[in-house]
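# Close look at the chain arrangement
If you want the building blocks of each chain, they are given just below.
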Amino acid sequence: MIELADVSLRYGGLLALTNTEMMVAEGEFVAVVGPSGCGKSTLMKLVTGLLAPTTGEIRVEGRRVQGPVRGAGMAFQNATLLPWRSTLDNVMLPLEIVEPFKRTMRRDRKHLEARVQKLLEAVGLGEFAASFPWQLSGGMQQRTNLCRSIIHEPKLLMLDEPFAALDAFTKEDLWQVLQELWLKQRFTAILVTHDLREAAFLADTVHVMSQRPGRIVHRCPIAIARPRTLATTFDPAYTEIVNELRARIAQLRSQ
Amino acid sequence: MLRQARPWLLTIALFALWELSCRLFSVPDFVLPAPSEILQAGVRFWEPLLVNGLQTLYTTIVGFAIAIVIGVLLGVAVGCSPVIYEALYPLLVGFNAVPKVALVPIVVLWCGIGTVPAVITAFVISFFPITVNVATGLASVEPEMHDVLRVLGATRLEVLRKVSIPRSLPYLFAALKVAITLAFIGSVVSETVAANQGIGFLMLAASSRFQVALVFAALLLVAAMSIVLYAFCALLERRMAGWAFRGQAS
């Protein structure tokens, strides 16, 4: 589904990424972790075509990426909801832009609204469809943000530290919400995070990036059965993976 | 209740103080007429006040309307295109630095006296804040939002319509409130320099005849009209960009 071959990126005079190799299979959930400032977010911009690599090649679904990848879903740490739109209308936004929904929008808005409502209910926001962003808590805003990023059923979902600003309890709630959505829709997901527990909980494979100039230095498959629950986080196998990742990153930082 | 009445009470108190001081210190009415005399003058000269007031209102609103159209278009152009921004913005800033009063004689030279120079002055003086604010508003869209939309495949027009323009509405209305007041200044200034009608003309004519009470009556009329239009802009703002006042309205 996604293939990075010998990708480098130079920002002005700064080498941000070098010789990055990465493969993501269709429907795989991948997490990218690494010390801060290693170019994780840059990697995301490269895959979605928002940035062009200096050298190397990026392929999504076999096609070389040139310019923004159309129809992918994205969510950031900052929920960026539109304050003049209700929760429902915020989630409607992609449907107003992406085909074939855009075409049906004029004739059959009700149908699409019902679809959004259903998704909101699935993430526990059913009663808040008419609320405005400032009436929602941080966790609820981030749920809305997640809904907005997958309402158009993208094949590819990019998440850039979506839960970084949330408290520990809300975070763990949202891990499960995200996992449920993924189990239902089976999109290909790339999650950029600095939270190793989060990466190990959500991903099929964790990729570890080195200090700048960033590059993937380690791949760690997570062989824990799904659906994973909060109990999983007390599982010795899980703890072991997290500790191993932590050791790897500590080692990278000291280099 | 009391909270809403406060500004009114203060205004009445100020006028009362004015009246009292005029009487107490027997200020001659060609220096500073008391409010009661201004009121009398207002009643006595209601017809010229009405005619000239409507003229000023007319030139102001026409100039203001042109300023909204041109100001928004320029603001969108400057806010959307870095090329246009770099080329046009220094020019606009330079133009804004020119004292508009100094332009009036030139406009008179080109268009004669009367309605046209007043409209043009009102426009010229009030479009700049609109342009700057619209451009700022468009630039205030979060870069993450831009990324989300680009990856969804949104066209530039869609980004503008669905995100940038609604986002810049509070900025636009903030500018309109400033601009409407400026437009009045522009009209009146132009009328004092070159016109045979309008509030500015009336004030000039009255002061040359030492009818100081009438000058003040005209002044208060302009202030009142300006306040009403300001309130209208504020009302529009609440209706169209109420989301920017969250928590205050409800």
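Residues numbered from 1 in each chain as written. Chains lettered and ligands numbered in written order. Predicted model: local features only at pLDDT ≥ 70, side-chain atom pairs only at ≥ 80, totals over all residues.

### What about the overall build of chain B?
Selection rule: Only DSSP runs of H or I with at least four residues qualify as helices, and only runs of E with at least two residues qualify as strands; both kinds are numbered from the N terminus onward. The exposure scheme places C-beta atoms from the backbone and then counts, for each residue, the other C-beta atoms within 10 Å of its own, assigning buried at 20 or more, exposed at 12 or fewer, and partly exposed in between. By definition, residue pairs are in contact when their C-beta atoms, positioned from the backbone, come within 7 Å.
Looking only at helices and strands, chain B has 10 helices and zero strands in total. The secondary structure elements of chain B, listed N-terminal to C-terminal, are α-α-α-α-α-α-α-α-α-α. Relative to its full complement of 250 residues, chain B shows a buried share of 40%. In chain B, 76% of the contacts between residues at least 6 apart in sequence involve partners at least 24 apart.

### Some points on the overall build of chain A
The helix and strand tally for chain A stands at eight helices and 10 strands. If you line up chain A on its principal axes, its C-alpha atoms span 55 × 45 × 30 Å. Counting all 255 residues of chain A, 41% fall into the buried class. Excluding contacts between residues fewer than 6 apart, the proportion of contacts in chain A whose partners are at least 24 apart in sequence is 71%.

### A closer look at the packing of helix α3 (residues 46–80) of chain B against helix α9 (residues 199–208) of chain B
Residues and elements named next belong to chain B. The criterion, for reference: What counts as an axis is a line fitted to C-alpha atoms, over the stretch in contact for a helix, and the angles between N-to-C directions run from 0 to 180 degrees. The scheme is simple: roughly parallel for angles under 35 degrees, roughly antiparallel for over 145, roughly perpendicular for 65 to 115, oblique for anything else. Ten residue types, Ala, Val, Leu, Ile, Met, Phe, Trp, Tyr, Cys and Pro, are classed as nonpolar, four, Asp, Glu, Lys and Arg, as charged, and the remainder, Gly among them, as polar.
Put simply, α3 and α9 touch, their axes get as near as 7 Å, and they point 140° apart. Relative to α9, the element α3 lies oblique. Contacts between α3 and α9 pair Pro48, Asn52, Gly53 and Thr56 from the former with Ile199, Phe201 and Leu202 from the latter. A breakdown of the residues in the contact of α3 with α9 according to their chemical character gives four nonpolar, three polar and no charged.

### Some thoughts on the confidence of the model for chain A
Quick reminder of the rule: Confidence of the predictor in every single residue is expressed as pLDDT, which spans 0 to 100.
On average, residues of chain A score 87 in pLDDT, and 100% of them reach the 70 mark or higher. Mean pLDDT values over the elements of chain A span from 79, in helix α3 (residues 101–107) of chain A, up to 92, in strand β8 (residues 188–192) of chain A.

### Thoughts on the sheet that holds β8(A)
By definition, the strands of a sheet pair up through backbone hydrogen bonds, in either a parallel or an antiparallel sense. Residue and element names in this part refer to chain A. Operational definition: Pairing between strands is defined by DSSP: at least two bridges between them are needed.
Here six strands make up an open sheet; going across it, the order is β6-β7-β8-β3-β9-β10 and the pairing mixed. Since the sheet does not close on itself, it has two edges, and those belong to β6 (73–76) and β10 (216–221), each with one partner. For this sheet, the mean angle separating the axes of adjacent strands, direction not counted, is 15°. For strand β3 (residues 29–33) and β8, the ladder comprises four bridges, and the chain directions are parallel.

### Description of the environment of Ala31(A)
Residues and elements named next belong to chain A. Of note, alanine 31 is situated in strand β3. What makes alanine 31 buried here is the crowd of 27 C-beta atoms within 10 Å. In this structure the C-alpha to C-alpha distance between alanine 31 and aspartate 195, which are 164 residues apart in sequence, comes to 10.0 Å. Here alanine 31 is in contact with Leu191, Thr193, Ala199, Leu202, Ala203 and Val206, once residues within four sequence places are set aside.

### A look at the interface of chain A and chain B
Taken together, the contact pairs 21 residues of chain A with 16 residues of chain B. Contributing elements (two or more residues each) for the side of chain A that touches chain B: β6 and α2 (87–97) of chain A. Looking at the side of chain A that touches chain B, the element that brings in the most residues is α2(A), giving four residues. A breakdown of the residues in the side of chain A that touches chain B according to their chemical character gives 15 nonpolar, four polar and two charged.

### Side note on the nonpolar core
The condition is simple: For this analysis, nonpolar core means a set of buried Ala, Val, Leu, Ile, Met, Phe, Trp, Tyr and Cys residues linked through C-beta atoms within 7 Å.
Counting residues in each nonpolar core, the largest one holds 133 residues, and the members touching the most others are Ile190(A), Ala203(A) and Ala218(B). What Ile190(A) contacts, discounting residues up to four positions off in sequence, is Val24(A), Val30(A), Val32(A), Met44(A), Val47(A) and Met158(A).

### Topic: the sheet that holds strand β2 (residues 14–24) of chain A
Residues and elements named next belong to chain A. Across the sheet, which stays open at both edges, the four strands sit in the order β2-β1-β4-β5 with antiparallel pairing between neighbours. A strand with exactly one partner marks an edge of an open sheet, and here the two such strands are β2 and β5 (63–64). Contacts from helix α1 (residues 40–47) reach β1 (2–11), β2 and β4 (55–60) within the one sheet, and its direction differs from that of β1 by about 120°.

### Here's the deal with the pairing of β4(A)
Residue and element names in this part refer to chain A. Relative to β4, β1 runs antiparallel, the two being bridged by five bridges. When the bridges of β4 are listed, isoleucine 2 appears paired with valine 60. Pairing analysis gives two bridges linking β4 to β5, with the strands arranged antiparallel. Paired with valine 60 across the two strands is arginine 63, which belongs to β5.

### Digging into unusual backbone geometry
All names here are of chain A. Of the consecutive residues arginine 226 and proline 227, the connecting peptide bond is found in the cis state with omega at -5°. Tracing the chain through its elements places proline 227 in the loop between β10 and α8 (236–254). In this structure, aspartate 6 is a non-glycine residue whose phi angle is positive, near 50°. Within the element layout of this structure, aspartate 6 appears in strand β1. At glutamate 153, a residue that is not glycine, the phi angle is positive and equals roughly 45°. Looking at the secondary structure, you find glutamate 153 in the loop between α5 (138–150) and β7 (156–160).

### Structural notes on the pairing of β10(A)
Residues and elements named next belong to chain A. Strand direction decides the pairing type here: strand β9 (residues 205–209) and β10, joined by five bridges, are antiparallel. From the neighbouring strand, valine 206 faces β10, where its bridge partner is cysteine 220. In this antiparallel pair of consecutive strands, β9 and β10, the connection spans six residues.

### Quick notes on α1(A)
Residues and elements named next belong to chain A. Buried residues dominate α1, accounting for six of its eight residues. All of the buried residues along α1 are Lys40, Thr42, Leu43, Met44, Leu46 and Val47. Phi turns positive, to about 80°, at glycine 49, one or two residues after α1.

### Topic: the environment of Ala25(A)
Residue and element names in this part refer to chain A. Turning to its location among the elements, alanine 25 is positioned in the loop between β2 and β3. C-beta crowding within 10 Å serves as the criterion here: with 12 such atoms nearby, alanine 25 is assigned to the exposed category. Along the chain, alanine 25 and threonine 188 lie 163 residues apart, while their C-alpha atoms are 7.5 Å from each other.

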